[in-house]
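Geometric and topological summary
Residue-level listing of the chains:
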Amino acid sequence: MQNKTHNEVEFLSRKILDLNKQLIESQSAKSRFLSLVANELNNPMTALLGLIPHLKPQDMEKEKVYNLVHEEALMLEFRIQNLVAAAQIESGEYDLSFATVNVTTLLNEALEALKYIILNRNISVSVTNTINDNIVSDPQKLFLIMHNLISNASLFGDANTQIEIHLSDKNNRLQIEVKNQGSGPNVAFKPQVFTRFSSDTSGLHGLGLGLSVVRSICELLEGDIDFICQDNFVIFTVTLPLETNATDTMACGSNEFLFDSFEDAIEL
Amino acid sequence: MIQGSSTFIHVGQIHIDHAPRAISTVLGSCVAVCLYDCSLGIGGMNHYLLPFWNGNGLQTPKFGNISIPKLIEQMILRGATSKTLEAKIFGGASMNSMAGDSMMIGEKNILVAKEILKEYKIPIIAEDIGGQNGRKIQFNLDRGKVLMKYTTRIDLTQRG
């Protein structure tokens, strides 16, 4: 009986493998394109963003144009970062690099990068943060998570409303909560919301790349992401492991299992 | 004995390196494929959680059918050929023997490795797969040998 089941599973698995191969082939062109575009765009964009602030004019009229240029450049940079992240995740080259991080600084950077959108849509931001210590995490990835969540809230939430951001320690995990007013993505289509390039039911919600990137980063960091929509409010919640002491003390042998020797090991 | 330095890889990672470095990981029902090219002295290891990418989400290398071809491609990019490559596979334990492992994740992970390597005509010259024990492995790239130790159940609660 067990043998029969085993054979059946084996047969079906081979079948799935075959079907998936076709699926992967059809997707690979898209992946290659993504990776190429991401790398080609990233470098000039970084240079551009470094140079733009030097052009800030004194003249009020010119400043309007300057602000528009800066806003568009920041938006483009953000989209490229998501593309780069998606391309790296797909290629398996998305490594974590941990450092001591101040979450308030990261949050402020994310808000600064989105300042024009927040200003233009007349959105006020309220932040509550109960994380006082520096934490150990991957700053770049944490930044991308915050940037995506706040960008979504400010772009897709109602104008002239408030965004509430809560950073807290919940059961020894870092919880990032972003709440905005407005109709959010349909809860019934949750899997699609976190799938890249899937068109949202309303067709309004961008490329569908940001949230898929956020979900993958969360997985990589051993955290998770979810959202709820109620009473015309949307709340996105990300939880991540909260580590407040430096990891390098751990790596020096406190974890016997991972760092003990391979004496008496079998050699193959 | 760890000689040189060892890089630890997690689920969904692929790492290629050269002698005298080493790559290590810890496996439960996950599988790691170690590829070695003795003429170049380079080797690569992956570590995947599930056999198949099902079309949802990003094609991350935590799926066997994504991870193994990527590992092979990366080795070929560094000059290896399918004629000089040799494979060793590890892991694929059935970790939920008490509850009856109806999903047979470990078995499917092993099957995917064997099928894909067969397709690329890369011989499997050593393996330690299945069973109910987790494994800790270290792939030494000076000779392409893999050191392996079985782990106890408690160690693996957080591992793939």
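Residues numbered from 1 in each chain as written. Chains lettered and ligands numbered in written order. Predicted model: local features only at pLDDT ≥ 70, side-chain atom pairs only at ≥ 80, totals over all residues. Heavy atoms only, no water.

With 36 residues of chain A in contact, the opposing surface of chain B contributes 45 residues. Overall, the association of chain A and chain B removes approximately 3700 Å² of surface from exposure, summing both partners, and the carbon and sulfur fraction of that is 61%. The interface formed by chain A and chain B holds four salt bridges in total. We note a salt bridge from Lys62(B) to Glu219(A), for which the minimum N-O separation is 2.4 Å. Here chain A is connected to chain B by eight residue pairs in polar contact (both at pLDDT 80 or more). For the side of chain A that touches chain B, the secondary-structure elements that each account for two or more residues are helix H1 (2-51), helix H2 (60-91), helix H7 (210-220), helix H8 (256-259) and strand S8 (266-267) of chain A. Residues of the side of chain A that touches chain B, tallied by class, amount to 13 nonpolar, eleven polar and twelve charged. (Contact = heavy atoms within 4.5 Å. Buried area = accessible area lost by both parts, 1.4 Å probe. Salt bridge = Lys/Arg side-chain N within 4 Å of Asp/Glu carboxyl O. Polar contact = N/O pair within 3.5 Å; in protein donor to acceptor, adjacent residues only side chain to side chain. Helix = DSSP H or I, 4+ residues; strand = E, 2+ residues; numbered from the N terminus. Nonpolar A, V, L, I, M, F, W, Y, C, P; charged D, E, K, R; others polar.)

Looking at chain B as a whole, its pLDDT mean stands at 86, while 86% of the residues score no less than 70. Here the prediction assigns the complex a pTM of 0.61, and the interface score ipTM is 0.74. (pLDDT = per-residue confidence, 0-100.)

Now for the sheet that holds strand S8 (residues 134-140) of chain B. Spatially, S8(A)-S9(B)-S8(B)-S3(B)-S1(B) is the arrangement adopted by the five strands of the open sheet, whose pairing is mixed. Looking at which strands have only one partner, the edges of the open sheet turn out to be S8 of chain A together with strand S1 (6-8) of chain B. As paired elements, strand S3 (residues 22-27) of chain B and S8(B) share six bridges and run antiparallel to each other. Following the sheet pairing, Leu27(B) is matched in S8(B) by Arg135(B). (Pairing = 2+ DSSP bridges.)

Another aspect to go through is helix H1 (residues 64-77) of chain B. Structural remark: α-helix, 3.6 residues per turn; residues separated by three or four positions point the same way. End to end, H1(B) covers 20 Å across 14 residues, agreeing with the expected 20 Å (1.5 Å per residue, within 8%). Buried within H1(B) we find Gly64(B), Asn65(B), Ile66(B), Ser67(B), Ile68(B), Pro69(B), Leu71(B), Ile72(B), Gln74(B) and Met75(B). (Expected span 1.5 Å × (residues − 1). Buried < 20%, exposed > 50% of the residue type's maximum accessible area, 1.4 Å probe, protein only.)

All names here are of chain B. Burial within S3 is extensive, with six of its six residues counted as buried. Here S3 shows a buried face lined by Ala22, Ser24 and Val26 and a second buried face lined by Ile23, Thr25 and Leu27. Pairing between S1 and S3: three bridges, direction parallel. Bridge pairing in S3 places threonine 7 opposite isoleucine 23.

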